[in-house]
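Below, each chain spelled out in residue letters.
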Amino acid sequence: MAQQVKRAFKYRFYPTDGQAAELSRTFGCVRLVYNRALEERSRAWNVEQRRVSYVQSSAALTEWKKSEELAFLNEVSCVPLQQALRHLQTAFGNFFAKRAQYPRFKTRKKSRASAEYTRSAFKWRDGRLTLAKMTTPLDIRWSRPLPVGAEPSTVTVSRDAAGRWFVSLLCEDTMAPAPATDAAVGVDAGITSLLTLSTGEKITNPRHERRDRSRLAKAQRELSRKAKGSNNRDKARRKVAKVHARIADRRRDFLHQLTTRLVRENQTVVIEDLAVRNLLKNRTLARAVSDASWTELRSMLEYKCAWYGRELVVIDRWFPSSKMCGACGTVREKLPLNVREWTCDCGTVHDRDVNAARNILAAGLAATACGDGVRPQRDSSRTGQSSAKQEPQRATAGIPLL
């Protein structure tokens, strides 16, 4: 059955000099309001043990605009400023619900420059978008069409470190479920092979960062030689940012194609719950783990399965997928990472990754049959366990294997 979802469509656009100046002012004002409100909330709690609500922050914004020091806030649209306060409120809500860390201040160098406009702050007519405080529409490159009859409810304008401008339109879209199939696949994530499927297929890791590493190193060397604060240093910084953007774009495109294929071909996709944040603490593997981008891959699988009526099963990260024999269920005591092929006592010869993917699939199907589609997830930073992928012997043997 088709379902209505809110979907963001992102496009690149090329602003005029006036539009770029207006948006740059807006980005700066948004950052200032967010930081001021965060500072006030932190001070009120630390000094007075008092919580500041969104309504109180909004009232404070009105007073800031009346002051001589911050009168320039009146020169930009008020909607992005109000949205910044709403985002801060959401950040505090996530913090109190223990879903995120304490909100951090936005910096000009590290934070993404963006501004969000709601329906009252932009005009949408005949496929042309005009933002508040502007007289001409944005020059958008429509790389793909919007849904038929859809009108954006929210517009987010951003500029990345490479100086590229983007606009994201949030629209209502109708998502039809993909044709039903009986296929199911287990997925084992790795570094040498990005993914190994329970079918025996190994998907090679494209290693986008490694392929552009020499180009990136050259750009960074040139940046290090430029005087701080000079125009040449700013140009060199943009060159470094462009290399990073090229790597990120190619990686994202590859992951989109891969996840779309997995969701389209399989009714059930079973993956492992990996503690990627802990794995990044390993100085030897951190660079390769970041380049593999397992977190983004899982995120894509989650929302695409929800869109197209597929089932995503996440098994416990402590399940011994690599050490367990897929034929007899025996769990080996030790299996070093450099051992890529091993023989069980029952005589079965296993490819480490293929065996792990098949065990992951079997565990996911068993969990689904028992009515437990998603295994409980544990935080290894709280339990004091190693940051590496754990495969203890305490997993239950006898799970039906394929």
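Anything mentioned here points back to the structure above.
Right, let's walk through the structure included here. Predicted, not measured: the structure shown is a model, and the values here were computed from it.

Quick look at the overall build of the protein chain now. Looking only at helices and strands, the protein chain features 11 helices and 14 strands. Along the first, second and third principal axes, the C-alpha set of the protein chain runs to 80 × 55 × 50 Å. Counting every position in the protein chain, which comprises 402 residues, the buried fraction comes to 43%. Pairs at least 24 residues apart make up 72% of the contacts formed inside the protein chain by residues separated by at least 6 positions. Of the roughly 22600 Å² of accessible surface on the protein chain, a fraction of 49% belongs to carbon and sulfur atoms. Considering the protein chain, the positive charge centre built from 73 side chains and the negative charge centre built from 41 side chains are found 6 Å apart.

Let's shift gears to the nonpolar core. Judged by nonpolar contacts, the single largest core of 44 residues is most densely connected at Leu129, Leu131 and Val157. By residue number, the principal contributor to this core is helix 1 (residues 17–48), which donates nine residues. In this structure leucine 131 touches Leu23, Tyr117, Ala121, Phe122, Leu138, Val155 and Val157, once residues within four positions along its chain are discounted. If you look at the next biggest cluster of nonpolar residues, it comprises 25 residues, including Ile203, Val269, Leu274 and Leu312.

On to a positive patch on the surface, then. Judged by side-chain charge, Arg12, Lys218, Arg221, Arg225, Lys235, Lys239 and Lys242 come together as a positively charged surface patch. When residues in the positive patch are grouped by element, the largest group, three residues, is from helix 6 (residues 231–265). Inspection of the secondary structure assignment puts arginine 225 in the loop between helix 5 (213–224) and helix 6.

Ring pairs (aromatic) are described by centroid distance and by the angle formed between their planes. Here the structure, examined in full by the defined rule, presents 10 aromatic pairs. Sitting over the face of the ring of phenylalanine 166, lysine 10 holds its NZ or CZ atom 4.8 Å from the ring centroid. Here arginine 51 stacks its cationic end above the ring of tryptophan 45, 5.9 Å away from the centre of that ring.

What follows covers empty space enclosed by the protein. Taken as a whole and assessed by the stated rule, the structure comprises two cavities of 30 Å³ or more. There is about 40 Å³ of room inside the second largest cavity. Along its surface, the second largest cavity is lined by Leu194, Asn205, Pro206, Arg207, His208, Arg251, Phe254, Leu255, Asp291 and Ala292. Broken down by secondary-structure element, the contributors of at least two residues to the lining of the second largest cavity are helix 6 and helix 8 (286–292).

Further remarks concern the pattern of salt bridges. Under the counting rule described, the total for this entry stands at 28 salt bridges. As a salt-bridge pair, arginine 7 and aspartate 173 come within 3.1 Å of each other at their nearest N and O atoms. Taken together, the residues arginine 7 in strand 1 (residues 3–13) and aspartate 173 in strand 7 (residues 165–175) connect sequence positions 166 residues apart. Per residue, the accessibility class of arginine 7 equals that of aspartate 173, and both read buried. With a shortest N-O distance of 3.4 Å, arginine 119 and glutamate 151 are connected by a salt bridge. Residue arginine 119 is located in the loop between strand 2 (113–118) and strand 3 (122–125), and its partner glutamate 151 is located in the loop between strand 5 (140–141) and strand 6 (154–159); the two are separated by 32 residues in the primary sequence.

It is at 11 Å that the axes of helix 1 and helix 2 (residues 54–66) come closest, and there the two elements cross at 120 degrees. When the axes of helix 1 and helix 2 are compared, the pair comes out oblique. Of the two possible hands of crossing, helix 1 and helix 2 adopt the one that is right-handed. Here helix 1 contributes Val33, Arg36, Ala37 and Arg41 to the contact with helix 2, which in turn contributes Tyr54, Ser57, Leu61 and Trp64. Looking at the contact of helix 1 with helix 2 residue by residue, the class counts come to five nonpolar, one polar and two charged.

Tracing the sequence through the fold places leucine 285 in the loop between helix 7 (276–279) and helix 8. When the C-alpha positions of leucine 285 and isoleucine 191 are compared, they lie 9.0 Å apart, and in sequence the two are 94 residues distant.

Turning to the sheet that holds strand 12 (residues 311–315), a few remarks are in order. Strand order in the open sheet formed by five strands is 10-9-8-11-12, with mixed pairing between adjacent strands. Single-partner strands in this sheet number two, and they are strand 10 (202–204) and strand 12. Taking each pair of neighbouring strands and ignoring which way they run, the sheet shows an average axis angle of 25 degrees. Bridge count for strand 8 (residues 184–189) against strand 11 (residues 268–272) is three bridges, and the pairing is parallel.

Here strand 11 lies mainly inside the structure; five of its five residues are buried. Going residue by residue along strand 11, you find Thr268, Val270 and Glu272 tucked away on one face and Val269 and Ile271 tucked away on the opposite face as well. Of the strand pairs in this sheet, strand 11 and strand 12 are connected by five bridges, and their pairing is parallel. By the bridge assignment for strand 12, glutamate 272 is matched with isoleucine 315.

What counts as what
Residues numbered from 1 in each chain as written. Predicted model: local features only at pLDDT ≥ 70, side-chain atom pairs only at ≥ 80, totals over all residues. Heavy atoms only, no water. Helix = DSSP H or I, 4+ residues; strand = E, 2+ residues; numbered from the N terminus. Buried < 20%, exposed > 50% of the residue type's maximum accessible area, 1.4 Å probe, protein only. Contact = heavy atoms within 4.5 Å. Areas by Shrake-Rupley, 256 points an atom, 1.4 Å probe, with all protein chains shown as cover. Lys, Arg positive; Asp, Glu negative; His and termini not counted. Charge placed at Lys NZ, Arg CZ, Asp CG, Glu CD. Core = buried A, V, L, I, M, F, W, Y, C linked by side-chain atoms within 4.5 Å. Patch = residues over 30% accessible without salt bridge, like charges linked within 9 Å, V, L, I, M, F, W, Y side chains within 5 Å. Salt bridge = Lys/Arg side-chain N within 4 Å of Asp/Glu carboxyl O. Phe/Tyr/Trp six-rings, centres within 6.5 Å; stacked < 30°, edge-to-face > 60°. Lys NZ or Arg CZ within 6 Å of the ring centre and 35° of its normal. 1 Å grid on protein atoms, 1.4 Å probe; cavity = no way out; pocket = protein on both sides within 12 Å on 5 of 7 lines; lining within 4 Å. Points joined across faces, edges and corners; volume = space filled by probe spheres on them. Axes fitted to C-alpha atoms, helices over the stretch in contact; angles between N-to-C directions. Parallel < 35°, antiparallel > 145°, perpendicular 65-115°, else oblique. Left-handed = near helix turned anticlockwise from the far one by under 90°. Nonpolar A, V, L, I, M, F, W, Y, C, P; charged D, E, K, R; others polar. Pairing = 2+ DSSP bridges.

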